[in-house]
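# Commentary on secondary and tertiary structure
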Amino acid sequence: YQDQKFPDSNIPKKDVFNSIINKELPDQYIKYLESKCEGLSHHMDRRKPHEYGIDLILGWLSEDALINFLQKNNIKSNLEGNDRYREFLSARKISTQPDIKITSKSGDMRLLEYMCDWRDTWWTKGHLDLRDNKYIKLQNDKAIFLGISPLSMKGFIIDFMDDKQKWEKRFNPAYRKEVYADDKIKEKMKPLKDILGLLKKI
């Protein structure tokens, strides 16, 4: 992100990203994040606008790391989502489309949904919630769903081309909206070192 700036500003992306990684976010960057995210109440849940912005950026950086890892392991992959340019989107441009496309050596293309559980909820609580019809989109696209939980060093892969499990639709008070829930996610989680092999097998 060297020499890249956020649109309509003189704020370097590199500086914002580094300040978040180092947990030293200056007031001017907090104000910028608030200005870009304050209209996204449906997506923020209980987070403040700048907190939601921080979570978005952490998600972008972890996606970048994943793409780099996949390519180093000879899995052709690239970003496909609306936020691939790492800029804040309006509510109408935010979609449930999986953000990564992977291509096999034979040329077959699959969409890859990637999610990172920073709080280790999947492993400690044993459930995973998908919001805003994300589950339906993954089903329709027959996507591959990769989840990584850094604290427990575990992850899972669900192939929606073969997934027969029926997820439960219910209201989540923390998100204040309906979700599709997998209460058996812990059974699917494996050490991260095994995940790449599973992905290559698919």
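In case you missed it, the structure is sitting above this.
Here's a quick rundown of the structure. (Residues numbered from 1 in each chain as written. Predicted model: local features only at pLDDT ≥ 70, side-chain atom pairs only at ≥ 80, totals over all residues. Heavy atoms only, no water.)

### Topic: the environment of serine 35
Examined against the element boundaries, serine 35 turns out to sit in helix 2 (residues 27-37). Residue classification places serine 35 among the partly exposed residues on the basis of a relative accessible area of 43%. Sequence separation between serine 35 and glycine 53 is 18 residues; the distance between their C-alpha atoms is 9.9 Å. (Helix = DSSP H or I, 4+ residues; strand = E, 2+ residues; numbered from the N terminus. Buried < 20%, exposed > 50% of the residue type's maximum accessible area, 1.4 Å probe, protein only.)

### Quick word on the pairing of strand 6 (residues 154-159)
By the criterion of burial, strand 6 is predominantly enclosed, with six of the six residues buried. Alternating residues of strand 6 divide into Lys154, Phe156 and Ile158 and Gly155, Ile157 and Asp159, and every residue in both groups is buried. In terms of strand pairing, strand 5 (residues 144-149) meets strand 6 through six bridges, oriented antiparallel. In the sheet register, phenylalanine 145 faces strand 6, and the bridge partner there is isoleucine 158. (Pairing = 2+ DSSP bridges.)

### Remarks on the nonpolar core
In globular proteins that are soluble, nonpolar side chains generally tend to be buried together. Residues Ile102, Leu112 and Leu146 are the most contacted members of the largest nonpolar core, which totals 16 residues. Secondary structure elements with two or more residues in this core: helix 4 (49-72), strand 2 (100-103), strand 3 (109-116), strand 5 and helix 8 (192-201). Trp122, Leu130, Leu138 and Phe160 belong to the second-largest nonpolar core, a separate cluster that totals 15 residues. (Core = buried A, V, L, I, M, F, W, Y, C linked by side-chain atoms within 4.5 Å.)

### Here we look at unusual backbone geometry
A positive phi angle, near 70°, is found at aspartate 3, a position not held by glycine. Relative to the assigned elements, aspartate 3 resides in the segment before helix 1 (13-21). The residue aspartate 120 is not glycine, and still its phi comes out positive at about 65°. Locating aspartate 120 in the fold gives a position in the loop between strand 3 and helix 5 (121-125).

### Here we look at the side chain of lysine 13
Position of lysine 13 relative to the elements: it lies in helix 1. Apart from the residues lying within four places of it in its own chain, the contact partners of lysine 13 are Tyr1, Gln4, Lys5, Phe6, Tyr85, Arg86 and Glu87. (Contact = heavy atoms within 4.5 Å.)

### Some remarks on the packing of helix 2 against helix 4
Axis angle and axis distance: for two packed helices, these are the angle between their axes and the distance between the axes, and together they describe the pair. Between helix 2 and helix 4, the least distance of the axes is 8 Å, while the angle of their chain directions is 95°. It follows that helix 2 is roughly perpendicular to helix 4 by the angle criterion. Only Pro49, His50, Tyr52, Gly53, Ile54 and Ile57 of helix 4 make contact with helix 2, whose side of the interface consists of Ile30, Leu33, Glu34 and Cys37. Taken together, the residues of the contact of helix 2 with helix 4 sort by class into seven nonpolar, two polar and one charged. (Axes fitted to C-alpha atoms, helices over the stretch in contact; angles between N-to-C directions. Parallel < 35°, antiparallel > 145°, perpendicular 65-115°, else oblique. Nonpolar A, V, L, I, M, F, W, Y, C, P; charged D, E, K, R; others polar.)

### Observations concerning the environment of aspartate 129
Here aspartate 129 lies in strand 4 (residues 128-131). Here aspartate 129 falls in the buried class, since its relative accessible area comes to 10%. As for aspartate 129 and glutamate 168, which are separated by 39 residues in sequence, their C-alpha atoms are 9.4 Å apart.

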